[in-house]
Structure formats: structure tokens, C-alpha cells
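# Chain and residue survey
The chain contents come next:
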Amino acid sequence: MAWIDDWVAARPGHFSFDLNVRRRLGGPEAWRTTVAGALRKASLVFASRHELATLWGTDDTKDLISRGILTPDHTVVVTDGANGAWVERDGSKLASSPAWPVTRVVDAVGAGDGLAAGVLAARLRDWPWEEALRLGSLVGALAVSHPGDWEGYPLWDEAQAALGDSWVDR
Ligand SMILES: Nc1ncnc2c1ncn2[C@@H]1O[C@H](COP(=O)(O)OP(=O)(O)OP(=O)(O)O)[C@@H](O)[C@H]1O
Ligand SMILES: [Mg+2]
């Protein structure tokens, strides 16, 4: 947390945080306590529906805001595996993306990190949310189509070729 505090103080508004709950590392109470400090500092939060339900019993961000777990200022990217991903702020949906079609799931590990990588790469280039989720979905889908965590992630020109018309040229 000290490291996060220093980092955020130098770059206000630029801290994103992915819950990445791993039950082997602790139970829900330990996770709630551990992530609370990071959530307070984060502007952008990545979470799967399953993680939200595991920690707080709901994936309804309005409810999480009313309970003080999230704030209206948080931008929250919610992922739901093959059902796609969406982004919410202050309880309202800003954009959503279906999952990219996958012929065969080879190894589910790395999907969430891939989605986050694609979304962050797009947002750092000022892409709108809809297109950022689309790129994230592509990277997440390629992650599950290949063995390993990151080995399936596309290079920038491969992502551009796959996205075609949804590529944002800037
Ligand atoms: N079977 C699938 N087919 C296509 N896309 C998928 C599939 N599974 C995951 N994805 C893509 O990856 C994104 C993240 O997946 P998921 O919701 O499973 O994340 P996660 O639980 O955080 O995963 P991780 O265990 O890697 O942290 C999804 O929103 C989707 O875009
Ligand atoms: Mg994850």
C-alpha cells in the first residue's frame, strides 16, 4: 500500500486495479480487507462478475456504491468470461462488448489479464470505451485460444488486422 500511495500521489487518476481473486491465497474476508485500500486509490477497477459475487455477494455496482465498497467516481470494467464484458460508472453502463468468438478454449488462464491489457492499451490511446472493450475482448479470446497465460496475446499489427473496421486510427 505504501508503494501504491507513492505511485498514485505522483500520477493522480492513473491507477487501475484488477481484483484477480485467488482463493488459494485467502478467504473472502482476507481478500475484502486486502483490496479495500487499493480500491480507495484506484480510478479504474477490473473485476469479474464471479469475483464481485464471491467478495460482496452481488455484481450490482449500484449496490456496491451504496455500501461504500465502490464510489461513483470508480470506472468499473466487469468481465463475464464467454458472456463478454462491460464498463460502468456511477451504476450506469457506459459500453459493453460481446466475447470474441473462439473455436476452442485451450487454456482459460490469462483471459482477465488479456482483457485488461487490451483495454488499457486502447484507453492510453484515447480510444472510446466501446472500442477499448472490443480490443480487450480480442486479447482475452486469444489468451484462451492458446496454451499459457500471455502467449496468445496479439502483436499490435495482428490486433489491427483482426479488428478491421473497429480499429481506431489515432
Ligand atoms: N471462453 C471464452 N471465449 C471468448 N472470450 C473469453 C472466454 N473466456 C474469457 N474471455 C474473454 O476474456 C475476458 C475475461 O475473462 P474472465 O471474465 O474469465 O476473467 P477473469 O475471471 O478475470 O480471468 P482470469 O482468471 O484470467 O483472471 C472476458 O470478458 C472475455 O472477453
Ligand atoms: Mg482476473
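Residues numbered from 1 in each chain as written. Chains lettered and ligands numbered in written order. Predicted model: local features only at pLDDT ≥ 70, side-chain atom pairs only at ≥ 80, totals over all residues.

### Re the packing of helix α6 (residues 129–144) against helix α7 (residues 156–163)
Between α6 and α7, the shortest axis-to-axis distance is 11 Å and the interhelical angle comes to 110°. It follows that α6 is roughly perpendicular to α7 by the angle criterion. Between α6 and α7 lies a crossing of right-handed hand. Mapping the contact onto sequence places R134, L135 and L138 in α6 and A159, A162 and L163 in α7. Residue classes in the contact of α6 with α7 are distributed as five nonpolar, no polar and one charged. (Axes fitted to C-alpha atoms, helices over the stretch in contact; angles between N-to-C directions. Helix = DSSP H or I, 4+ residues; strand = E, 2+ residues; numbered from the N terminus. Parallel < 35°, antiparallel > 145°, perpendicular 65-115°, else oblique. Left-handed = near helix turned anticlockwise from the far one by under 90°. Contact = placed C-beta atoms within 7 Å. Nonpolar A, V, L, I, M, F, W, Y, C, P; charged D, E, K, R; others polar.)

### Focus: the domain arrangement of the chain
The domain architecture assigned to the chain consists of domain 1 (1–98) and domain 2 (104–170). The straight-line distance from the C-alpha centre of domain 1 to that of domain 2 is 20 Å. Opposite the 14 residues of domain 1 that make contact, domain 2 presents 11 residues. Those elements that place two or more of their residues in the side of domain 1 that touches domain 2 are β1 (16–18), β2 (44–48), β3 (75–79), β4 (85–89) and β5 (92–97). Take the side of domain 1 that touches domain 2: its biggest share by element is four residues, from β5. (Domains from an automatic or database assignment.)

### Here we look at the site of ligand 1
The immediate surroundings of ligand 1 are formed by 22 residues, with T79, A85, A111, G112 and G140 found nearest. Of all the secondary structure elements, the ones that give two or more residues to the shell around ligand 1 are α5 (111–124) and α6. A breakdown of the residues in the shell around ligand 1 according to their chemical character gives 11 nonpolar, nine polar and two charged. (Near = placed C-beta within 6 Å.)

### What to know about the nonpolar core
V76, V77, V119, A132 and V139 are the most contacted members of the largest nonpolar core, which totals 31 residues. Counting residues per element, the ones that place at least two in this core are β2, β3, β4, α5 and α6. Residue assignment places this core across two domains, with domain 1 (1–98) and domain 2 (104–170) each supplying three or more. Setting aside residues no more than four positions away along its own chain, V139 makes contact with G114, L115, A117, G118, Y153 and P154. (Core = buried A, V, L, I, M, F, W, Y, C linked by C-beta atoms within 7 Å. Buried ≥ 20, exposed ≤ 12 C-beta atoms within 10 Å, placed from the backbone.)

### Some remarks on the environment of D73
Tracing the backbone shows D73 in the loop between α4 (61–66) and β3. Sequence-wise, D73 and L124 are 51 residues apart; in three dimensions their C-alpha atoms are separated by 19 Å.

### So, the environment of W156
By secondary structure assignment, the location of W156 is in helix α7. Taking the C-alpha atoms as reference points, W156 and A121, 35 residues apart in sequence, are found 9.7 Å from one another.

### A few points about unusual backbone geometry
In this structure, N20 takes a positive phi of about 45° despite not being glycine. Position of N20 relative to the elements: it lies in the loop between β1 and α2 (28–41). Located in the positive-phi region is D90, a residue other than glycine, with phi close to 50°. Overall, D90 belongs to the partly exposed group, with 15 C-beta atoms counted inside 10 Å.

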